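These are the residues of each chain, in order.
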Amino acid sequence: MSTRLWNSLYQWLEIVQFRLPPPTCVLCQRRGQPLRDLCQPCQQSLPALNQPCPGCALPLPPGTGAALCGQCQQGRTRVHTTVAACRYAEPVSALITRFKYQRQLAAGRVLTSLLLDRIHAHYRGHNLPQLLLPVPLHPQRLRERGYNQSLLIARDLSQALRIPLATGLLQRHRRTSPQQGLSARERRHNLRNAFALSQTWTSNHYQCVALVDDVVTTMSTINEIVSVLQRGGERPPEIHLWCLARAWLDQDGQARPL
Ligand SMILES: [Zn+2]
Ligand SMILES: [Zn+2]
């Protein structure tokens, strides 16, 4: 099926599935806001990212007045900027579990609409990226899950912002162990050489590209992809990162609420 035909079909399915029935809050089941399956009180109760670092979206230490966090100041974050909708804490973490593992796509759609709000605020007066790249799943995991959650997020954002979406350009050609429970170093090792680009990619083609992911914890996956995207280019693109939630690791390597 051509991309154009698929997009038209997707838009119709979206209207039938989400716009005709009245919005219902995914958290309390009461009436949602117009075109959003989330009521106002539940939206206000979601864990926000206070004073996020513009580089990596982790909260800046209170009172320091720093423009960037220590990691970003040392150049350890490879993306230019990060926009995250929420902190990875309850009930956002539960919504992400429902979206990723229980096929409750409405939960992902709600978080994507919150991310869209953040993107509008973040880029006010600045150019948006020229291309969206969802973080790919390995084909075997895609078969098991039935969908790539990052692609669903990116597709909604692509339609809302009218930015082209690149599907199939970035591939995960090596199956990696789940990142959960691994330390930062183990995560980096786990992901080495996991990604590849299709032949059509030319890094000089774009000035700015946004990677789209659901949860970002250590940046290992993202840093690995950035090095693949910028490899060999004379003028590699600036890479931005958009994600639903930002998490961090505790001493045991578990993603924990910030
Ligand atoms: Zn509610
Ligand atoms: Zn930072």
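All figures in this text were calculated on a predicted structure; none of them were measured in a lab.

(A) Region of interest: the overall build of the protein. The helix and strand inventory of the protein stands at nine helices and eight strands. Classification of the 258 residues of the protein by burial places 48% in the buried group. Excluding contacts between residues fewer than 6 apart, the proportion of contacts in the protein whose partners are at least 24 apart in sequence is 70%. Accessible surface for the protein amounts to roughly 13,800 Å². Of this, 50% is attributable to carbon and sulfur atoms.

(B) Representation of the coordination of the zinc ion (ligand 2) within the structure. Here the zinc ion (ligand 2) is held by the protein donor atoms Cys53 (SG), Cys56 (SG), Cys69 (SG) and Cys72 (SG), which lie 2.3 Å from it. Taken together, the four donor atoms coordinating the zinc ion (ligand 2) and their angles of 103 to 116 degrees define a geometry best described as tetrahedral. Each donor residue of the zinc ion (ligand 2) lies on one chain, and together they are spaced C-x2-C-x12-C-x2-C. Placement of cysteine 56 in the loop between α2 (40–44) and α3 (70–73) and of cysteine 69 in the loop between α2 and α3 is noted, with a sequence separation of 13 residues between them. With respect to burial, cysteine 56 and cysteine 69 carry one shared label: buried.

(C) Highlighting unusual backbone geometry. For the bond running from glutamate 90 to proline 91, omega is 0 degrees, close enough to zero to count as cis. Turning to its location among the elements, proline 91 is positioned in the loop between β1 (81–87) and α4 (92–101). Of note in this structure, glutamine 29 is not a glycine but carries a positive phi near 70 degrees. Although it is not a glycine, glutamine 51 adopts a positive phi angle of roughly 45 degrees. Among the secondary structure elements, glutamine 51 is positioned in the loop between α2 and α3.

(D) Geometry of the pairing of strand β2 (residues 131–134). What you see with β2 is no split at all: Leu131 and Leu133 on one side and Leu132 and Pro134 on the other are buried throughout. As judged from the four bridges shared by β2 and strand β5 (residues 208–216), these two strands associate in the parallel manner. Looking across to β5, one finds that proline 134 is bridged to valine 212.

About the thresholds
- Residues numbered from 1 in each chain as written.
- Chains lettered and ligands numbered in written order.
- Predicted model: local features only at pLDDT ≥ 70, side-chain atom pairs only at ≥ 80, totals over all residues.
- Heavy atoms only, no water.
- Helix = DSSP H or I, 4+ residues; strand = E, 2+ residues; numbered from the N terminus.
- Buried < 20%, exposed > 50% of the residue type's maximum accessible area, 1.4 Å probe, protein only.
- Contact = heavy atoms within 4.5 Å.
- Areas by Shrake-Rupley, 256 points an atom, 1.4 Å probe, with all protein chains shown as cover.
- Donors = N, O, S within 2.8 Å, 3.2 Å for Na, K, Ca; no water.
- Tetrahedral: all angles 85-135°; square planar, octahedral: opposite > 155°, others 65-115°.
- Pairing = 2+ DSSP bridges.

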